[in-house]
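Okay, here's what each chain looks like letter by letter:
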Amino acid sequence: MDKKNKTLGEFIIEHQTAFQYSSGELSKLINAIRLAAKVVNHEVNKAGLVDILGAAGDTNIQGENQQKLDVLANEKFIQALKNREIVCGIASEEEDDFISVNSNDKQNQNKYVVLIDPLDGSSNIDVNVSVGTIFSIYRRITPVGTPVTIEDFLQPGKNQVAAGYIVYGTSTMLVYTTGNGVNGFTLNPAIGTFYLSHPNMEFPETGKIYSVNEGNYIHFPQGVKDYIKYCQKEEDDRPYTSRYIGSLVSDFHRNMIKGGIYMYPKSSVAQNGKLRLLYECNPMAYLAEQANGKASDGYRRIMEIEPSELHERVPFFCGSRKMVEKAEEFMALKP
Ligand code: AHM
Ligand code: MG
């Protein structure tokens, strides 16, 4: 059992050897994400001061241009990963194409690619509601020493070697998995250190929370409408509670702790829903499965889906296993 006052740095070192292909590279990579998370956390916490210090597009006191936070977060994560020469490629929600990273003296010697949503739910920033960063890590498919290609990024989620998120909430947490369960670390802002606060996180088998944008109800498939009605019915342990922050990371985090289901279904106006397979759904699906939960597109396991584009979308049902299975039952009846 892990001691509760362990730092993330200590945890990474201790668990390096438990990782099957351990060469220290993955540890360095998680460390780079840890560092960028602290920088972005600092910026997110200052967001409310933007009104005083100047909005995006304005020039700040040092004569620098103020940037939108999602753009800034994108830069910080890419910078942290590039500077440390630990990945061969990066794909981001903020970039149309993937970025190929070359080390100075050697061409693409690193074996990992990272896919990232640097600041998810960023429309929540303006109203002081939690946002998050989501990341997903794969071993490249093309040989080391050659340029990365799109093939290295278009891998099914089941190939992930690590995934995680940072939630910039009432406290800032980094939660991740390398395939041996899910662990959560809380930032002590006074000294800038993440501490292991939530060892071995698990979704309760079932729960009482459903999270969905019900404003879209009219456009949902009948199966989803029926499942929502089921959640609201007075029977057994129902009606469930409805909770929807509109920040995937925060909704997922709460549901993992309390038990619940998150849904972003397809609809008559968005055939594949809204969320992105590669850097939103796959990493969350990996975390969910590692935490005893489940993630599906309503019919199939998310992590089995063969991606065809970097920014493709997919319907998403994720959370406590029994709740996702129940939603799937309804979907199967009326797709
Ligand atoms: P974003 O990547 O543009 O921030 O969108 C993703 C976010 C998720 O965090 C959240 O769950 C969802 O969009 C909310 O969408 P909606 O406002 O349609 O309910
Ligand atoms: Mg996003």
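Criteria and thresholds
- Residues numbered from 1 in each chain as written.
- Chains lettered and ligands numbered in written order.
- Predicted model: local features only at pLDDT ≥ 70, side-chain atom pairs only at ≥ 80, totals over all residues.
- Heavy atoms only, no water.
- UniProt positions renumbered as here; feature names shortened; annotations may be inferred.
- Near = heavy atom within 4 Å.
- Polar contact = N/O pair within 3.5 Å; in protein donor to acceptor, adjacent residues only side chain to side chain.
- Areas by Shrake-Rupley, 256 points an atom, 1.4 Å probe, with all protein chains shown as cover.
- Nonpolar A, V, L, I, M, F, W, Y, C, P; charged D, E, K, R; others polar.
- Domains from an automatic or database assignment.
- Donors = N, O, S within 2.8 Å, 3.2 Å for Na, K, Ca; no water.
- Buried < 20%, exposed > 50% of the residue type's maximum accessible area, 1.4 Å probe, protein only.
- Salt bridge = Lys/Arg side-chain N within 4 Å of Asp/Glu carboxyl O.
- Helix = DSSP H or I, 4+ residues; strand = E, 2+ residues; numbered from the N terminus.
- Pairing = 2+ DSSP bridges.
- Contact = heavy atoms within 4.5 Å.
- Axes fitted to C-alpha atoms, helices over the stretch in contact; angles between N-to-C directions.

Where an unreviewed UniProt entry is consulted, the chain appears under the name Fructose-1,6-bisphosphatase class 1, with the organism given as Sediminicola luteus. Checking UniProt for the chain, the heading Pathway (unreviewed entry) contains the comment "Carbohydrate biosynthesis; Calvin cycle." UniProt lists a comment for the chain under the heading Subcellular location (unreviewed entry), and it reads "Cytoplasm".

Some remarks on the site of ligand 1
Surveying the vicinity of ligand 1 reveals 15 residues, the closest of which are Asp120, Tyr244, Leu248, Tyr262 and Tyr264. Between Gly121 and ligand 1, the recorded distance is 2.7 Å, taken from a backbone N or O atom to an oxygen atom. Taking 470 Å² as the accessible area of ligand 1 by itself, protein coverage stands at 78%. Residues of the shell around ligand 1, tallied by class, amount to five nonpolar, five polar and five charged. Each of two domains, domain 1 (3-200) and domain 2 (209-333), supplies a minimum of three residues to the shell around ligand 1.

Section: the coordination of the magnesium ion (ligand 2)
Glu93 (OE), Asp117 (OD), Asp120 (OD) and Glu280 (OE) make up the full set of protein donors to the magnesium ion (ligand 2), lying at 1.9 to 2.4 Å. Take Asp117: its relative accessible area is 1%, and that puts it in the buried class. We classify Asp120 as buried; its relative accessible area is 9%.

Examining the pattern of salt bridges
When the charged atoms of two side chains lie near each other, side chains of opposite charge can form a pair. What the rule picks out here adds up to 18 salt bridges. Notably, a salt bridge pairs Arg321 with Glu205, separated by 2.6 Å at the nearest N-O pair. One end of the pair, Arg321, is in helix α9 (residues 321-333); the other, Glu205, is in the loop between β8 (193-198) and β9 (209-211), and 116 residues separate them in sequence. Assessed through its relative accessible area of 27%, Arg321 is described here as partly exposed. Among the ionic pairs, Lys233 bridges to Glu235, the shortest N-O distance being 3.4 Å. Residue classification places Lys233 among the partly exposed residues on the basis of a relative accessible area of 44%. Among the ionic contacts, a cluster of salt bridges with common partners joins Glu205, Lys294, Arg321, Lys322, Glu325 and Glu328.

What to know about the sheet that holds strand β13 (residues 316-319)
The five strands are arranged β10-β9-β11-β13-β12 in an open sheet whose pairing can be described as mixed. On the outer flanks of this sheet lie β10 (241-242) and β12 (294-296), each paired with one strand and no other. Bridging between β9 and β10 involves two bridges; their strand directions are parallel. Counted as the bridge partner of Ile209 is Thr241 from β10. The sheet strands contacting helix α8 (residues 277-290) are β12 and β13, and the helix crosses β13 at an angle near 30 degrees.

Describing α8
Counting buried residues in α8 gives twelve out of 14 residues, a clear majority hidden from the surface. Looking only at α8, the buried set comprises Leu277, Leu278, Tyr279, Glu280, Cys281, Asn282, Pro283, Met284, Ala285, Tyr286, Leu287 and Ala288. Immediately downstream of α8, the backbone of Asn292 shows phi near 70 degrees, a positive value.

A few points about the sheet that holds β8
Within the open sheet, the eight strands sit side by side as β2-β1-β3-β4-β5-β6-β7-β8. Their pairing is mixed. If you trace the sheet from one side to the other, it starts and ends with β2 (99-100) and β8, each paired once. Pairing geometry for strand β6 (residues 172-177) and strand β7 (residues 182-188), over five bridges, is antiparallel. Across the sheet, Leu174 pairs through a bridge with Phe185, a residue of β7. Along the sheet, helix α4 (residues 69-83) contacts β1 (89-92), β2, β3 (112-120), β4 (131-139) and β5 (162-168); its crossing angle with β3, the most-contacted strand, is approximately 155 degrees.

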